[in-house]
Amino acid sequence: MRALLDTSVLIADTSPGDVEAAISAASIAELHFGVLVASDDDERARRVQRLGVIESTFDPLPIDAEVSREWGRLAAGVAARGGKARKRSVDLAIAATANVHGVPLLTHNIKDFRLLDGLVDVRAPDQKGGESQAPIP
C-alpha cells in the first residue's frame, strides 16, 4: 500500500509496516522545529539524528499550488465544522498533500484529524507496525 506518513509516525519508535511511504515537506518543517525547541542537549542530539535519517530516506512532497488549494478547501471544511483551522495548519498541509497525491494519511494522532472525517482518508497504523485497512471512525 502507498501512504503519506504523518510526523507522528516518523517520530514513533515503531515501523509503519510494509508501506510504500512518502512524507510532506510540512513534516520536515515540524521536525526542524522540534530540533530547535528540544529541552536539552541529549534530546536535541537524538532529534537531529532522527531528522538526518528521515531527510536521507525521503524526498518530501512539496507544498505547491495544488496542495495549497487543497489546504484551503480542508481549512474551510474545518472552519465550517466549528474547528480552528489556523491551529491545525501543519496537519492540514500534510492532509492536503495526501489528498493531492491520492494516498491515505497514516497517523498516530487520530484526534488531530477528527474534523477532517469524510474529507481525507486518514488511517492509523495497527499495533504490529502495519497499517489498518479501515478508515478512522
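Residues numbered from 1 in each chain as written. Predicted model: local features only at pLDDT ≥ 70, side-chain atom pairs only at ≥ 80, totals over all residues. Heavy atoms only, no water.

A look at the environment of Thr-57
If you trace the backbone, Thr-57 turns up in helix H3 (residues 41-57). For Thr-57, a relative accessible area of 53% puts it in the exposed group. Taking the C-alpha atoms as reference points, Thr-57 and Leu-36, separated by 21 residues in sequence, lie 21 Å from one another. Side-chain polar atoms of Thr-57 contact the backbone oxygen of Val-53, separated by 2.6 Å. (Helix = DSSP H or I, 4+ residues; strand = E, 2+ residues; numbered from the N terminus. Buried < 20%, exposed > 50% of the residue type's maximum accessible area, 1.4 Å probe, protein only. Polar contact = N/O pair within 3.5 Å; in protein donor to acceptor, adjacent residues only side chain to side chain.)

Focus: the nonpolar core
Membership of the largest hydrophobic core comes to 20 residues, with the highest contact counts inside it found for Leu-4, Leu-74, Leu-92, Ala-95, Leu-105 and Leu-116. Mapped onto this core, the elements with two or more residues apiece are helix H4 (65-80) and helix H5 (89-100). In terms of residue count, the dominant contributor to this core is H5 (six residues). If we ignore the near neighbours within four places in the chain, the residues touching Leu-116 are Leu-74, Val-78, Arg-81, Leu-92 and Ala-95. (Core = buried A, V, L, I, M, F, W, Y, C linked by side-chain atoms within 4.5 Å. Contact = heavy atoms within 4.5 Å.)

A word on the confidence of the model for the protein chain
Looking at the protein chain as a whole, its pLDDT mean stands at 91, while 91% of the residues score no less than 70. This stretch, residues 127-137, has a pLDDT under 50; its non-local contacts, to residues over four places away or in other chains, come to 30 contacts. (pLDDT = per-residue confidence, 0-100.)

Observations regarding the sheet that holds strand S2 (residues 20-22)
What the four strands build is an open sheet, ordered S2-S1-S3-S4; its pairing is parallel. Where the open sheet ends on each side, the last strands, each with one partner, are S2 and strand S4 (122-123). Inspection of the sheet shows strand S3 (residues 105-106) paired to S4 by two bridges, in the parallel sense. Counted as the bridge partner of Leu-106 is Arg-123 from S4. (Pairing = 2+ DSSP bridges.)

Looking at a nonpolar patch on the surface
Nonpolar side chains collect at one region of the surface, where Phe-33, Leu-36 and Val-37 lie side by side and expose about 350 Å² of accessible area between them. Within the element layout of this structure, Phe-33 appears in helix H2 (residues 25-36). (Patch = residues over 30% accessible without salt bridge, like charges linked within 9 Å, V, L, I, M, F, W, Y side chains within 5 Å. Areas by Shrake-Rupley, 256 points an atom, 1.4 Å probe, with all protein chains shown as cover. Salt bridge = Lys/Arg side-chain N within 4 Å of Asp/Glu carboxyl O.)

Let's talk about H4
Working note: α-helix, 3.6 residues per turn, so residues spaced by three or four point in the same direction. Its 16 residues give H4 an end-to-end C-alpha distance of 23 Å, which sits within 8% of 22 Å, the value for a rise of 1.5 Å per residue. Buried within H4 are the following residues: Val-67, Glu-70, Leu-74, Ala-75, Gly-77 and Val-78. Taken down its axis, H4 places every buried residue within 155 degrees of arc, on the same side. For H4, the exposed residues lying more than 90 degrees away from the buried face are Arg-69 and Ala-80. Those residues of H4 that are buried lie in contact with H5. Of the residues that open H4, the one with a side-chain oxygen 3.3 Å from the backbone nitrogen of Glu-66 is Asp-64. Just downstream of H4 lies Gly-82, where phi reads positive at about 90 degrees. (Expected span 1.5 Å × (residues − 1). Arc of directions from axis to C-beta.)

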